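# Reading the structure
Residue-level listing of the chains:
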Amino acid sequence: MSLSSSTGVTSVCYFHRLALVLPSTGEVGEGPISSNSFSTERRSQCLLSSCPPLWLQQCCCDDKDTSWPKLIDLCAIWDPGVFLHAAGWKRASGTARRRLNEAETLSSVREAQVERLEAARPRRPGCRERGPVLRMARQQPPPWVHTAILLCLLSLTGAIEIPMDLSQPPTITKQSVKDHIVDPRDNILIECEAKGNPAPSFHWTRNSRFFNIAKDPRVSMRRRSGTLVIDFRSGGRPEEYEGEYQCFARNKFGTALSNRIRLQVSKSPLWPKENLDPVVVQEGAPLTLQCNPPPGLPSPVIFWMSSSMEPITQDKRVSQGHNGDLYFSNVMLQDMQTDYSCNARFHFTHTIQQKNAFTLKVLTNNPYNDSSLRNHPDMYSARGVAERTPSFMYPQGTASSQMVLRGMDLLLECIASGVPTPDIAWYKKGGDLPSDKAKFENFNKALRITNVSEEDSGEYFCLASNKMGSIRHTISVRVKAAPYWLDEPKNLILAPGEDGRLVCRANGNPKPTVQWMVNGEPLQSAPPNPNREVAGDTIIFRDTQISSRAVYQCNTSNEHGYLLANAFVSVLDVPPRMLSPRNQLIRVILYNRTRLDCPFFGSPIPTLRWFKNGQGSNLDGGNYHVYENGSLEIKMIRKEDQGIYTCVATNILGKAENQVRLEVKDPTRIYRMPEDQVAKRGTTVQLECRVKHDPSLKLTVSWLKDDEPLYIGNRMKKEDDSLTIFGVAERDQGSYTCIASTELDQDLAKAHLTVLGRPDRPRDLELTDLAERSVRLTWIPGDDNNSPITDYVVQFEEDQFQPGVWHDHSKFPGSVNSAVLQLSPYVNYQFRVIAVNEVGSSHPSLPSERYRTSGAPPESNPADVKGEGTRKNNMEITWTPMNATSAFGPNLRYIVKWRRRETRETWNNVTVWGSRYVVGQTPVYVPYEIRVQAENDFGKGPEPDTVIGYSGEDLPSAPRRFRVRQPNLETINLEWDHPEHPNGILIGYTLKYVAFNGTKLGKQIVENFSPNQTKFTVRRADPVSRYRFTLSARTQVGSGEAVTEESPAPPNEAYTNNQADIATQGWFIGLMCAIALLVLILLIVCFIKRSRGGKYPVREKKDVPLGPEDPKEEDGSFDYSDEDNKPLQGSQTSLDGTIKQQESDDSLVDYGEGGEGQFNEDGSFIGQYTVKKDKEETEGNESSEATSPVNAIYSLA
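Because the structure is predicted, anything quoted here is derived from the model rather than measured.

With that settled, the discussion passes to the overall build of the protein. Scanning the protein from terminus to terminus reveals 13 helices and 85 strands. The buried share of the protein, taken over its 1197 residues, is 45%. For the protein, the share of sequence-separated contacts (at least 6 apart) that also reach a separation of at least 24 residues comes to 66%. Looking at the protein as shown, the accessible area adds up to about 62,200 Å², and 50% of this sits on carbon and sulfur atoms.

This is the structure:
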């Protein structure tokens, strides 16, 4: 049935479909549960409500307080991270546990619907969810939610457990599984544990007969336990103890039974010895290699390998069936390359046994196993194999049936033969396959449906098809069921005179039968009890008395199994007692819904009331609600709810009370959450997580990555309010969850970090459409790591010229994963693919298989043919050798031809295997015509082009007509002509020049010119210096003969402005000496001529008075020369080039001693000239007349 809105179940059930027990009816409900409309007051409470598991937070609430006794709300049993004492696993009845398991199963089946329900469910006006709720609503509910469901159920069913200090019948607490398989190498343990007061005693039956433990020294029973220990250390065979065991736990109030435990010893028998003949099969025919493993317990795991322990590669053509056989849909010649051995691995003994290997002999029309044909689009016809329509190898025929038990896995299998290999598809008649439980295995040859239920029964069919046709096989599936509980009996605790009932309801297919027992004996053979009535699956007790105490067993069974349950009836007269510690402190979070627990016991069952702070009124109604088990629920905690709460349990025998102190704390909230980020590899990312919490609680902030605890390495820095990741790498991508928690509650926020990284390598390269000069390459793209793939680079490797070296073949857009590649003849290709995105390139894919093309004559000749001399009498012919993709055949070689240009002489030729040839004894730098032609074993390449080369070069002759011109005092122009004999290709000219001024040299300067340059202008550093120039031409060999020239001498006027500099020049000094010598000679001639003339007219002069026109007569001097022989008037030029003014005229008086001259009678000069000693001589005047040439001349005269 579906629960109506009157149940008052809150919106938590929007998220799940749950199996629920209603305390008012005891019925089971399953379905989507809605909420009623709610009042404004309740709505405001809902908006403030905050259950710590935020995805359970209520949004819509029921405003009918009368319905709250039926309320089921998971928040109610969650006390900020700690379950309350009111509900516990030990309090769970068998029915509640079963229903929890069903709820877990149902929840897992419908997890996919949760997000759709959450996204599509309508929001009532005023109903909204806070930010954290929206984050968490998208997450899968954590495992403790199902436990919370159980605790909620327990709190409502009122299951009561008797305290251990009170008398009670036995209860089985632990036992071995029904089918108990043991390892023969270990001791055997058969578990059986029970509790009761007084403590129970134990005994066993084996195969329904009493098992006397005392008579067997190998068998013992553990102290205070019923567990059997069978020890084989002193010998014995474990197989002797196989059988069906059952444990009995007994005290004076009754006997409890364990399940019937079937003990089996694990077996791993050896393969039978056999000699296997080679299996002969025609290529293209189907083949089944049978394994037939020895029967083991449990069944072994089967796998196929070669005798050398290499795994057998399986695909849709060759695969292993569920029965362990190896099926070949069609046999190919390459299947003969290995042998086939079936291996069985036994679980308990941890051993692997190998069957003798099968060898295949494949008969074929094409004995050559060419690997290039494996992926040929028409591989079978290329090998001469006839194509066939599909047929089923397993199961046989067109129809079969299969039975499966409820809760088990259904495995359907179809294996077909045919050429080409058929494809398998699965369908269900009248409906779709259960997508949440169905999965395909073994290359679609098997369909597995997990956790089968009755609705999975029906007709399934598999369709096998290839291009020749199709067939189908129908499998009828019937779902049967071993017994399963609808209502498992639970312990019944009554006071004297009360009524009660035990219910044992189970279902199955076929319908199970129910058998009641009491204390291990059939109920029919038990003593009659007038207070007990059996009505099918129910035992009714009326006016029970102490004598009614016993343990009842319900055994329900059909042909597929059984269920056994113990439930005791205990009649007690006990006053109320409290079962929890006294004066507990409970701390809760503000606005949460919580429940205060007050576990108690009494018989008759006491009533419970709650009081706050000693108030006299009972707490029930409004914000409070008391459940039937006595727990007090506070629907929304407020600050004023803080205080001391007292629970009082009362029955007719007395009362008991306990107190709980409640403290209210502020909730923990993340007010600044981490945000989704996209980052490139190597950058820094910071995730914020700022928290507000109650200051009296200790806050802990932790981080999860992909829902697992985050390891904070040296690239990460965790602070109170953030997480920083340095140097982000691809492995850092994922979801990061910040968890802010205290001892009472927690809040969490999640963000996703996307790292842009290099793409993953492409995979599964496949060659198809094989042709002589092309092939289609297909690949599966790898993950782009959040950055779209922009290009694919296809590379190839060949194993003849450069094995192991990969070359780029072609480039394709990132949107394709298949391309046709153009190929060259006679290349054994192997391909790989590299993906490229904005971040970088992927690792190369694994190589494809090889594909060799056939040979042909070369279609091109080598490139870069050159002829150059390495010496002056040779010519080296070189070229770029052709690679693997241009060789086109084996034994690639080159035909080299040459002859002198324009001589019409015959061609010289030679065959070369390398990439160079040297022609000797050539003239210097002579042009040659050269041809290089490729040739392989299939023929010659096309006629080659003619290339002009030159023999070796030599040093060039000197440049011709080297001219130096000086148009002005600032520049010097140089010009020259090319050498008469270049002796090669001129590569330039070298000019060296230096300034000089007399013996003084400047710094040499070197200039290099291109071969076409024949002019150059030099800018003078000064107008005085001259320049010396040396010019030579250059070839590859070096610089040739040089020519030297100097700049012309500067004009004379340049020297008048630079006397100080000119006076130091050698040519100027020589010139002055020559002039001085000429003047001296002139003077000598004049004086000699004078000395041969008449006497001085002294007497005549003496009688004549001095006139004013002759000033020298005043001081007694006489003019003794005529006008023609007078010395230069007014100035005299010195040898050093300076011009000095004369201080006085020459006079004979100046050369006398004492101022008087001595003369002869005739007036001629007598005596010797004396040096005038005046004040200028005393002062060292440089104009002394002691060196006057006149003195010298007269001395000579």
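To continue, consider the nonpolar core. Grouped together as the largest cluster of nonpolar side chains are 30 residues, with contacts concentrated most on Ile 190, Trp 204, Leu 228 and Tyr 245. Elements with a contribution of two residues or more to this core: β7 (188-190), β8 (192-197), β9 (201-206), β12 (228-230), β13 (243-251) and β15 (261-265). Formed by 22 residues, the second largest nonpolar core is a distinct cluster that contains Leu 632, Cys 647, Ala 649 and Leu 662.

Attention shifts here to the sheet that holds strand β69 (residues 874-880). Spatially, three strands are ordered β68-β69-β72 in an open sheet, and the strand pairing comes out antiparallel. Looking at which strands have only one partner, the edges of the open sheet turn out to be β68 (863-868) and β72 (916-920). Mean inter-strand twist for the sheet, computed between neighbouring axes without regard to direction, equals 10 degrees. Across five bridges, the pairing between β69 and β72 is antiparallel.

The next point concerns the pattern of salt bridges. Under the counting rule described, the total for this entry stands at 47 salt bridges. In this structure, the salt-bridge partner of Asp 537 is Arg 505, at a minimum N-O distance of 4.0 Å. A residue pair is termed long-range when its members are at least 10 positions apart, and Asp 537 in the loop between β38 (532-535) and β39 (538-541) and Arg 505 in strand β35 (residues 505-509) qualify at 32 residues. Of the charged contacts in the structure, one is a salt bridge between Asp 732 and Arg 715, with a shortest N-O distance of 2.9 Å. Pair noted here: Asp 732 is in the loop between β58 (722-725) and β59 (734-741) and Arg 715 is in the loop between β56 (708-709) and β57 (716-719), with a separation of 17 residues, a long-range link. Relative accessible area serves as the criterion here: at 3%, Asp 732 is assigned to the buried category. By sharing partners, the salt bridges in this structure join Arg 961, Arg 963, Arg 965, Glu 975 and Asp 977 into a single network.

Bringing the sheet that holds β39 into the picture now. Spatial ordering of the open sheet is given by β34-β39-β38, a layout of three strands whose pairing is antiparallel. Where the open sheet ends on each side, the last strands, each with one partner, are β34 (500-503) and β38. Within the sheet, the average angular offset between the axes of one strand and its neighbour, ignoring direction, is 15 degrees. Two strands pair when backbone bridges link them, and β34 and β39 are joined in this way by four bridges, in the antiparallel orientation. Paired with Gly 500 across the bridge in β39 is Phe 541.

A separate point is the pairing of strand β82 (residues 1026-1034). Bridge count for strand β78 (residues 988-997) against β82 is nine bridges, and the pairing is antiparallel. Following the sheet pairing, Thr 990 is matched in β82 by Ser 1032. Where β82 and strand β83 (residues 1039-1046) come together, six bridges link them in antiparallel fashion. Among the inter-strand pairings, Phe 1029 is bridged to a residue of β83, identified as Glu 1045. Between β82 and β83, which pair antiparallel and follow one another directly, the connecting turn spans four residues, one of which, Gly 1038, has a positive phi of 155 degrees.

All right, on to the packing of aromatic side chains then. Taken as a whole and assessed by the stated rule, the structure comprises 20 aromatic pairs. Considering the side-chain rings of Phe 962 and Trp 976, the 6.5 Å spacing of their centres and the 75 degrees angle between planes classify their relative orientation as edge-to-face. Highlighted residues: Phe 962 in strand β76 (residues 960-965) and Trp 976 in strand β77 (residues 971-977), separated in sequence by 14 residues. Just as Phe 962 is buried, Trp 976 falls in that class too.

Here we come to helix α10 (residues 1066-1091). Helix length check: α10 (26 residues) gives 38 Å between terminal C-alpha atoms against 38 Å at 1.5 Å per residue, within 8%. The set of residues buried in α10 consists of Phe 1068, Met 1072 and Phe 1087.

So, on to the environment of Leu 986. Structurally, the position occupied by Leu 986 is in the loop between β77 and β78. In this structure Leu 986 comes out as buried when scored by relative accessible area, which is 14%. Leu 986 sits 26 residues away from Asn 1012 along the chain, and the two C-alpha atoms are 8.9 Å apart. When residues no more than four places from it in sequence are discounted, the contact partners of Leu 986 are Pro 956, His 978, Pro 979, Pro 1011, Ala 1033, Arg 1034 and Thr 1035.

So, about the side chain of Asn 558. Inspection of the secondary structure puts Asn 558 in strand β40 (residues 550-558). Within polar-contact distance, the side chain of Asn 558 engages the backbone nitrogen of His 560 at 2.9 Å. Not counting residues within four places of it along the chain, the set of residues in contact with Asn 558 comprises Ala 481, Ala 482, Pro 483, Gly 508, Asn 509, Pro 510 and Pro 512.

As a further point, take a nonpolar patch on the surface. Judged by side-chain polarity, Leu 1077, Leu 1078, Leu 1080, Ile 1081 and Val 1085 come together as a nonpolar surface patch covering roughly 460 Å² of accessible area. Mapped onto the fold, Leu 1077 is located in helix α10.

Quick look at the confidence of the model for the protein now. When pLDDT is averaged across the protein, the result is 79; 75% of the residues are at 70 or more. Contacts from residues 1-158, a stretch scored under 50 in pLDDT, to residues over four places away or in other chains number 292 contacts. Contacts of residues 1053-1060 to residues separated by more than four positions or lying in other chains number five contacts, the stretch itself having pLDDT below 50.

What follows covers the environment of Glu 859. The residue Glu 859 is located in the loop between β67 (851-852) and β68 in this model. By relative accessible area, which is 61% here, Glu 859 ends up exposed. In sequence terms Glu 859 and Phe 888 are 29 residues apart; their C-alpha atoms lie 7.9 Å from each other. Not counting residues up to four positions away in its chain, the partners in contact with Glu 859 are Phe 888 and Pro 942.

This paragraph deals with the environment of Asp 499. On the secondary structure map, Asp 499 appears in the loop between β33 (492-494) and β34. Note on Asp 499: relative accessible area 53%, which makes it exposed. Along the sequence, Asp 499 and Arg 532 sit 33 residues apart, while their C-alpha atoms lie 9.9 Å from each other. What Asp 499 contacts, discounting residues up to four positions off in sequence, is Leu 494, Phe 541, Arg 542 and Asp 543.

A separate point is unusual backbone geometry. Tyr 394 connects to Pro 395 through a cis peptide bond whose omega is -10 degrees. Position of Pro 395 relative to the elements: it lies in the loop between β24 (388-394) and β25 (399-405). The peptide bond linking Ser 603 to Pro 604 adopts the cis configuration, its omega dihedral lying at 5 degrees. Relative to the helices and strands, Pro 604 resides in the loop between β45 (600-603) and β46 (607-612). Phi at Asp 707 is positive, roughly 65 degrees, even though this residue is not glycine. The partly exposed category is assigned to Asp 707, whose relative accessible area is 48%. At Tyr 925, a residue that is not glycine, the phi angle is positive and equals roughly 50 degrees. Position of Tyr 925 among the secondary structure elements: in the loop between β72 and β73 (927-936).

Cut-offs and rules
Residues numbered from 1 in each chain as written. Predicted model: local features only at pLDDT ≥ 70, side-chain atom pairs only at ≥ 80, totals over all residues. Heavy atoms only, no water. Helix = DSSP H or I, 4+ residues; strand = E, 2+ residues; numbered from the N terminus. Buried < 20%, exposed > 50% of the residue type's maximum accessible area, 1.4 Å probe, protein only. Contact = heavy atoms within 4.5 Å. Areas by Shrake-Rupley, 256 points an atom, 1.4 Å probe, with all protein chains shown as cover. Core = buried A, V, L, I, M, F, W, Y, C linked by side-chain atoms within 4.5 Å. Pairing = 2+ DSSP bridges. Axes fitted to C-alpha atoms, helices over the stretch in contact; angles between N-to-C directions. Salt bridge = Lys/Arg side-chain N within 4 Å of Asp/Glu carboxyl O. Phe/Tyr/Trp six-rings, centres within 6.5 Å; stacked < 30°, edge-to-face > 60°. Expected span 1.5 Å × (residues − 1). Polar contact = N/O pair within 3.5 Å; in protein donor to acceptor, adjacent residues only side chain to side chain. Patch = residues over 30% accessible without salt bridge, like charges linked within 9 Å, V, L, I, M, F, W, Y side chains within 5 Å. pLDDT = per-residue confidence, 0-100.

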